[in-house]
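The chain contents come next:
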Amino acid sequence: MPAAKKVIPNPAAVKNFPHDNKKAKIIYDRVNDVLRVVERNYYWDPQADRGKEKRVYLGYIVDDVYYATADYRKYFKRNGVPRLVTKDTKKAKAKADEKMCDSLSSSLVAELPVYHAIAAKIGLIHDLRETFGKALADMTLSVAYHWLNTSANAAYLYKTWAPGKLLPSTTIPCSREMSDFFEALATQPDWRKTFFNARIARLPEDEVLAFDATEIATEAANISYAQFGLGKEGGYQKQVGMILLVGHKSGMPVLFRLLPGQITDVTTVQDMLFRFDEITDKKRVFAAVLDRGYFSLEKLGRFIAAKSNVIVAAKTDVKWINESIEEVMPRMWQHSSRIPGQVCWGATVEKEQTFPDGQKHKVWVHVYRSDAKSHTENAAFYRVLEAFESDWANWRQEEHKKDTVCPLLHSPLLKYFKAPKREPGKCRLETDSAAIDDATRYFGFFCNVSTMKCTAAEALDIYQTRDVIEKTFKGGKTDIEIDVARAHKDNTLEGRFLVGFVAMSILCELRRLMRQPTKLEQKKGPVKDIQPLSKEMTVNELKNRLSSIRMLYTGSGEKRWLEVTGKQHEIARRLGFPDLYETIPEWVP
């Protein structure tokens, strides 16, 4: 049923009606079922040969109130239904939102605050600023964070990576300026003594340092350190040497030095130890831990002459090492020789040795026996021996050329068997028990030698720092590409390695924190033990899980976090930084 036609009111009864316009009339709009106010103008159309009307629409009548067209549209819909929100309010809000959106910006945060929190925790920020000043220090940290975040250390990539990132430095240098920055670090007066002394001062007083050297490939022509040396994969290549000292208890790199690529022998160690004493004014006594490549009486004698405390892995086929093993062997299954906290037994032999220069010096040989090592070595030995016996028994000469000499006849494994009665394939071998006993006598044993007096337990604990430094180098080569030298001048190269040293320091501490178990205080019940993060994720997985975190900036300068998940907060808490993604850091620009 059609709606009833609206009654046209008397203009005199309409509030706000435009009585000053004598042509204003009220009409009924059937299409929209509304009352409208129009101005009617009549004129003659000669072409149509008749009169016509031209209307000017002035407004609307709603509940006996006149609204000009603009006001009507503000308060009512086209069909006369009142708007819940006036049109002007919508426009104002839209404009305000648009203005706010124009003034909002955000930065990618990801795991960068983790790096900064670690740098503050281990004193890196303070030591860098004290040595290089705030501007260079903040730039050093920012570049180190770039390398850690991307696992790449190409300087030219920083310019395209840094925009939109939350970093200590707001400066974004180009490639040329990055080279100038690296050079500025390396030419800072007396920076080595100031910075490395500050890092060393943060170590425990009884800290022991592990030493290692590595070669880094380079194509640079103008670096004096770059010299041809034998590469690890064979062949000669241009390379730079780097030596590094890492704290055993802290797991922290404390000092590095560059050297010509082919010099990684005992003179390098002596020079490094001298450099350490020079930097620290000989205030700390420590030991360097070295691998078997440094083991010989000649090299030990040079360390002793230099008054260097070192622990070197020993070769068990050396006569005086064999004598030490034989001396303590009867005790190596006894409870009194077991080392608490380790899976081995140990004892120490003090020996006075005559060195190649004719001098006599004391050294301490630390002998160890491990059941696990013994099992592994015995299993491998007998596996090879039994395979040889089988090959001998199953040899078929007719399957080979007539003039082929059986290779089994020249095998060194024959010494573990009695003389064969016939050729291979025509008899079985009989084992020589005495020869086998001699070969396996020292299975499970290993030794190291120290130039200072200490117990077998202390020496083993110290020597295990080798694992720390090997992981440090591995992490540096894998996560920040320190095995590639991208520089063309000595100062630029050293500046790059300083940034790499900073990145390695942060990475080592991050890995250490990830290995630490944590505790969760529950509202009800006992404290809950939480396994280390390293059991659940790698460093790269940790970065991925934090990669979505952003910080919002408003036009008024306010900063706030954007949607940090519970899992992301948990990661920060388990690393020891519970408020990391809740409060706004003071260092945020």
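Structure: above.
In this report, we go over the structure that sits alongside the text. Since the model is a prediction, treat every value here as computed from it, not as a measurement.

**Details of the overall build of the protein chain**
And then number 1: Assigned secondary structure in the protein chain consists of 18 helices and 18 strands.
And then number 2: In the protein chain, which comprises 589 residues, the share counted as buried stands at 45%.
And then number 3: For the protein chain, the accessible surface area stands at approximately 31,900 Å², while carbon and sulfur atoms represent 51% of it.

**Describing the nonpolar core**
And then number 1: Among the nonpolar cores identified, the biggest contains 76 residues, and F256, I506, L575 and Y581 are the most heavily contacted of them.
And then number 2: When residues of this core are assigned to their parent elements, the largest contribution, 13 residues, is made by helix α16 (residues 490–514).
And then number 3: In this structure, V312, I325, V363 and V365 belong to the second largest nonpolar core, which totals 25 residues.

**As for the sheet that holds strand β18 (residues 559–562)**
And then number 1: Taken together, 3 strands build an open sheet; the order of strands is β5-β17-β18 and the sheet is antiparallel. Of all the strands in the sheet, the pair left with one neighbour each is β5 (105–108) and β18. When strand polarity is set aside, the average angle formed by the axes of neighbouring strands in this sheet is 30°.
And then number 2: Note that β5 and strand β17 (residues 550–553) share 4 bridges and pair antiparallel. For S106, the partnering residue across the bridge sits in β17 and is L552.

**Some words on the packing of helix α3 (residues 112–121) against helix α5 (residues 134–150)**
And then number 1: Across the interface, α3 lies against α5 with an axial gap of 10 Å and an inter-helix angle of 125°. Taken together, α3 and α5 sit at an angle that is classed as oblique. Handedness of the α3/α5 crossing: right-handed. Where α3 abuts α5, its residues L112, Y115, H116 and A119 lie against L141, Y145, L148 and N149.

**Describing the environment of R50**
And then number 1: Among the secondary structure elements, R50 is positioned in strand β3 (residues 50–62).
And then number 2: Taking relative accessible area as the criterion, R50 reaches 47% and is therefore assigned partly exposed.
And then number 3: Those residues in contact with R50, other than ones at most four positions away along the chain, are Y43, W44 and D45.

**Comments concerning the side chain of T518**
And then number 1: If you trace the backbone, T518 turns up in strand β15 (residues 518–520).
And then number 2: You can call T518 buried: its relative accessible area is 14%.

**Details of the sheet that holds β3**
And then number 1: With respect to topology, 4 strands assemble into an open sheet ordered β1-β2-β3-β4, the strand pairing being antiparallel. Bordering the open sheet on either side are β1 (24–29) and β4 (65–68), each of which pairs with just one other strand. Taking the axes of each pair of neighbouring strands and ignoring which way they run, one obtains an average angle of 50° across the sheet.
And then number 2: Pairing analysis gives 11 bridges linking strand β2 (residues 34–45) to β3, with the strands arranged antiparallel. Of the residues in β3, the one forming a bridge with L35 is I61.

Quick notes on the rules
- Residues numbered from 1 in each chain as written.
- Predicted model: local features only at pLDDT ≥ 70, side-chain atom pairs only at ≥ 80, totals over all residues.
- Heavy atoms only, no water.
- Helix = DSSP H or I, 4+ residues; strand = E, 2+ residues; numbered from the N terminus.
- Buried < 20%, exposed > 50% of the residue type's maximum accessible area, 1.4 Å probe, protein only.
- Areas by Shrake-Rupley, 256 points an atom, 1.4 Å probe, with all protein chains shown as cover.
- Core = buried A, V, L, I, M, F, W, Y, C linked by side-chain atoms within 4.5 Å.
- Pairing = 2+ DSSP bridges.
- Axes fitted to C-alpha atoms, helices over the stretch in contact; angles between N-to-C directions.
- Parallel < 35°, antiparallel > 145°, perpendicular 65-115°, else oblique.
- Left-handed = near helix turned anticlockwise from the far one by under 90°.
- Contact = heavy atoms within 4.5 Å.

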